[in-house]
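Spelled out, the chains give:
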Amino acid sequence: SEPRITAHSTCLIAQDTDLRGEITLSQGCIVHPRATIIAASGPIIMDAGCVVEENAVILNRRKEVMRIGKGNQFMVGCRTSPSTASIVHPTVRAKYVGVEAASIGNHITFKPKSKVSSQIAVSDYCTFGPGTVTLASDPESTALETLEPYTVVYGSLSERRKWDGSAGETERAVKDKEREYLREIMPK
């Protein structure tokens, strides 16, 4: 089927991207070269100010809408390569392409090569460390697991802890400056 892309006039979308399915990009979104956004079964709606960097993969395999909040950053390569490679997690071996979360709140950072399964709903202000794999606590369950706001996933075992939110305004200001920089270096 033909992709149905709706993008606000202030979005920047590089030519060398892979956008498939029904995708809506809101004000100020930036999609860098070689980024992939696939609405395989249900649509993807991305709110204002999100940045999808090179080689990042966002995939919605669910029939429901994947809602992505504002100010999120999908950093370089938050996925595996090739796309069908197996990810080895300490408790389960599963195939995940990249960020497949059922829903994504506001001001989330997906560090390079981080992965999130479709059984996870991400609340506001979460951070996924480099190379982490976030699966539901009970991989046998079909229920959706919602991460609490300010959850930080870190380390080789993808452990979870809570951030107290200190210096949040400073972090958002740095991200705003980084977003402007990424907008400037985007191939025109």
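For the structure itself, look to the data block above.
Sequence order as written defines the numbering, with residues in each chain counted from 1. Two thresholds apply to this predicted model, a pLDDT of at least 70 for residue-level local features and 80 or more for giving and counting side-chain atom pairs, whereas whole-chain, interface and lining totals are computed over all residues. Note: side-chain values were computed over all heavy atoms of the structure, leaving out hydrogens and water.

**Q** Describe the sheet that holds strand S21 (residues 151-154), naming the residues involved and giving the relevant values.
**A** Pairing between two strands is assigned when DSSP locates at least 2 bridges connecting them. We count a stretch as a helix when DSSP gives it H or I for four or more residues in a row; a strand needs E for two or more, and each element gets its number in order from the N terminus. Overall, mixed pairing links the eight strands, which are arranged S2-S5-S8-S11-S15-S18-S21-S22 in an open sheet. At either margin of the open sheet sits one strand with a lone partner, and together these are strand S2 (12-13) and strand S22 (159-162). Pairing between S21 and S22: four bridges, direction antiparallel. When the bridges of S22 are listed, Val152 appears paired with Arg161.

**Q** Tell me what's going on with the pattern of salt bridges, and back it up with residues and numbers.
**A** Whenever Lys or Arg places a side-chain nitrogen within 4 Å of a carboxyl oxygen from Asp or Glu, that contact is recorded as a salt bridge. By the definition in use, this model includes nine salt bridges. Among the salt bridges present, the one from Asp18 reaches Arg20, with a minimum N-O distance of 2.6 Å. The buried label goes to any residue with under 20% of its type's maximum accessible area, the exposed label to any with over 50%, and the partly exposed label to all in between, with areas taken from a 1.4 Å probe on protein chains only. On the basis of relative accessibility, which here comes to 25%, the residue Asp18 falls in the partly exposed class. Given the relative accessible area of 43%, Arg20 is considered partly exposed. Salt-bridge contacts for Asp176 lead to Arg179; the nearest nitrogen and oxygen are separated by 2.8 Å. Note that Asp176 and Arg179 are positioned in helix H1 (residues 168-185) at a spacing of three residues, about one turn of the helix. Classification of Asp176 by relative accessible area gives partly exposed; the value is 42%. For Arg179, a relative accessible area of 16% gives the class buried.

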